[in-house]
Amino acid sequence: MTAYCRPGLTNTKPPVSFRLFLLGLISVAAGLLLLASCSGKSEQEGASKAAPVTAEAATLKNVPVVVKAIGAVEPYNTVSVRARVGGEITAIAFREGQEVERGDLLFNIDPHPYQAALDGALADLARDQAKLRIAEDDVRRYKELIQKDYVTSQQYDQVVANAESLKATVAADEAAVKTARLNLGYCTVQAPISGRTGDVLVQVGNMITAYQQPVTIINQITPIYVSFSVPEEYLADIRRYAAQGTLEVEAALAAGAGPRFRGDLSFINNEVDGTTGTILLKATFPNRDRVLWPGQFVDVTLTLATTRNAVVAPSQAIQRDQQGEYVFVVKPDMTVESRAVETGQQVDGQTVIRKGVEAGERVVTDGQLRLRPGVKVTVTSEPAPSGASTP
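Since this is a predicted model, take the numbers as computed values, not measurements.

Concerning the pairing of strand β2 (residues 59–82)
Taken together, the 13 bridges between β2 and strand β13 (residues 297–314) define a ladder with antiparallel strand orientation. Looking at the pairing, V66 lines up with T303 of β13. Inspection of the sheet shows β2 paired to strand β9 (residues 214–231) by 11 bridges, in the antiparallel sense. Along β9, the bridge assignment pairs G71 with F228.

This is the structure:
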């Protein structure tokens, strides 16, 4: 509909369509202002809210180059004690599990049969020695007679042969006496080594046979061996460092409790086990307190060398993704940076960082799930630095 005005009158109201257009512009402007206000407020709140994390500074330390393995404790020496002569056990002079010294009496075997054998051998020796003296006198007499042609050469030769035969008999008798004395001595069985005895495997009154059943087993445990195997890839380094000096080996009980024991690498096997690809090693430990016991399993750490002033950081700071290992580094402006790292060995909860982090830089140790590069953080707790380096 068209609006008409009377002549002389002025229409002060704008058309309806214009008013609607103006109201629309005002609504859009108000909406834009409200959106901008909300957005600015959200950005301001985001800027003021930082992710809480824990961090620790990377430090310089002298880090040992080590090889770790599981080892088995073995006696330094083991002797299965057996009797050298047979007979009846008449006395046992040790207790099960007793510490004995070399030469200590262990047990006795009835000596009477062997004493009788010695007496008989001595009697045979005395008889044949008497015969030999007579034969030697005959040789001297016949030597004078043959010079005067009182006896024939055949008679003289027979007397000489008889004397030589008796000499051989006396020598055999002397050997029999020595054997009888040894057998009599073997009736007293002594400890061949110092060590700890095991079970008593015979009792008084038992009959035993020479060199058959053992009476007990003695293990020498001071010093003591720990044997362990490492992958053959370490063999070249082990041999190289061993040629420069004695390598230190540390052993700890597998349960993780108790003290650590220090010994020296004393044996490298002469071949690699083809079925497992490992090389057998042995270390010798003093074991003066007799804490290490044959048959135990222990955690073994073989130290090859020491890396001076290596950069180390807590192992929990190391993260991994498809591209490799990385850490979050806290920058001076309290934002974090994701940085790829190249790591080395782990020692006592710390990891050597060969490349990617410098000493003194702080790395995030907890709270990484909230982080991405550029995010602001607040360090809620941070261990006190232990020093830039270890002398």
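So much for the structure itself; the text now carries on.
Things to note about unusual backbone geometry
With an omega dihedral of 0 degrees, the bond running from T222 to P223 counts as a cis peptide bond. Its place among the elements puts P223 in strand β9. Phi is positive for R290, which is not a glycine, with a value near 55 degrees. By the element assignment, R290 lies in the loop between β12 (278–285) and β13. Since its relative accessible area comes to 35%, R290 is described here as partly exposed. One non-glycine residue, N309, lies in positive phi territory at about 50 degrees. With respect to the helices, strands and loops of the structure, N309 is situated in strand β13.

Some thoughts on the sheet that holds strand β8 (residues 207–208)
By definition, the strands of a sheet pair up through backbone hydrogen bonds, in either a parallel or an antiparallel sense. Strand order in the open sheet formed by 4 strands is β6-β5-β3-β8, and the pairing between neighbours is antiparallel. The open sheet has two edge strands with one neighbour each: β6 (188–190) and β8. One ladder, built from 3 bridges, connects strand β5 (residues 105–109) with β6; its direction is antiparallel. When the sheet's bridge partners are listed, L105 is paired in β6 with Q190.

Brief notes about the environment of T152
Its place among the elements puts T152 in the loop between α2 (112–147) and α3 (153–185). Note: C-alpha distance between T152 and Y142 (10 residues apart in sequence) is 9.3 Å.

Remarks on the side chain of T301
On the secondary structure map, T301 appears in strand β13. In this structure T301 comes out as buried when scored by relative accessible area, which is 13%.

Let's talk about the nonpolar core
Ranked by internal contacts, the top residues of the largest apolar core, which has 34 residues, are V81, I89, L106, F107, I109, I208 and I218. The set of elements that each furnish at least two residues to this core consists of β2, β5, α2, α3 and β9. The element contributing the most residues to this core is α3, with 8 residues.

Structural notes on the environment of R181
One can find R181 in helix α3. Linking R181 and L118, residues 63 residues apart in sequence, is a C-alpha distance of 6.2 Å.

A look at α2
The end-to-end C-alpha separation of α2 is 53 Å, in line with the 52 Å expected for 36 residues at 1.5 Å each. Among the residues making up α2, those that are buried are Y114, L118, A121, L125, D128, L132, A135 and V139. Looking at the buried positions of α2, the neighbouring elements they touch are α3. Two residues or fewer after α2 comes D149, characterised by a positive phi angle close to 60 degrees.

Focus: the packing of α2 against α3
Packed helices, taken two at a time, are described by their axes: the angle between them and the distance between them. Where α2 contacts α3, the axes come no closer than 8 Å and their chain directions differ by 160 degrees. As the angle between them shows, α2 and α3 are arranged roughly antiparallel. Taken as a pair, α2 and α3 cross one another with a handedness that is left-handed. Among the residues making up the contact of α2 with α3, the classes are represented as 21 nonpolar, 7 polar and 10 charged.

What about the side chain of S315?
Tracing the backbone through its elements, the reader meets S315 in the loop between β13 and β14 (319–321). Residue S315 is classed as buried on the basis of its relative accessible area, which comes to 19%. A distance of 2.8 Å separates a polar atom in the side chain of S315 from a polar atom in the side chain of T351. Dropping the residues within four chain positions of it, S315 is found in contact with Q346, G349, Q350 and T351.

So, the packing of aromatic side chains
Per the counting criterion, the structure on display carries 2 aromatic pairs. Both rings, one in Y326 and one in F328, keep their centres 5.6 Å apart while their planes meet at 90 degrees; by these two values the pair is edge-to-face. Here the two residues Y326 and F328 agree in accessibility, since each one is buried. The ring of Y225 has K282 sitting right over it, with the charged end atom 5.1 Å from the ring centre.

Focus on the environment of F261
With respect to the secondary-structure elements, F261 resides in strand β11 (residues 260–273). The spatial distance from the C-alpha of F261 to the C-alpha of A251 is 5.1 Å, given a sequence separation of 10 residues. What F261 contacts, discounting residues up to four positions off in sequence, is V249, E250, A251, F285, V291 and L292.

Calculation criteria
- Residues numbered from 1 in each chain as written.
- Predicted model: local features only at pLDDT ≥ 70, side-chain atom pairs only at ≥ 80, totals over all residues.
- Heavy atoms only, no water.
- Pairing = 2+ DSSP bridges.
- Helix = DSSP H or I, 4+ residues; strand = E, 2+ residues; numbered from the N terminus.
- Buried < 20%, exposed > 50% of the residue type's maximum accessible area, 1.4 Å probe, protein only.
- Core = buried A, V, L, I, M, F, W, Y, C linked by side-chain atoms within 4.5 Å.
- Expected span 1.5 Å × (residues − 1).
- Contact = heavy atoms within 4.5 Å.
- Axes fitted to C-alpha atoms, helices over the stretch in contact; angles between N-to-C directions.
- Parallel < 35°, antiparallel > 145°, perpendicular 65-115°, else oblique.
- Left-handed = near helix turned anticlockwise from the far one by under 90°.
- Nonpolar A, V, L, I, M, F, W, Y, C, P; charged D, E, K, R; others polar.
- Polar contact = N/O pair within 3.5 Å; in protein donor to acceptor, adjacent residues only side chain to side chain.
- Phe/Tyr/Trp six-rings, centres within 6.5 Å; stacked < 30°, edge-to-face > 60°.
- Lys NZ or Arg CZ within 6 Å of the ring centre and 35° of its normal.

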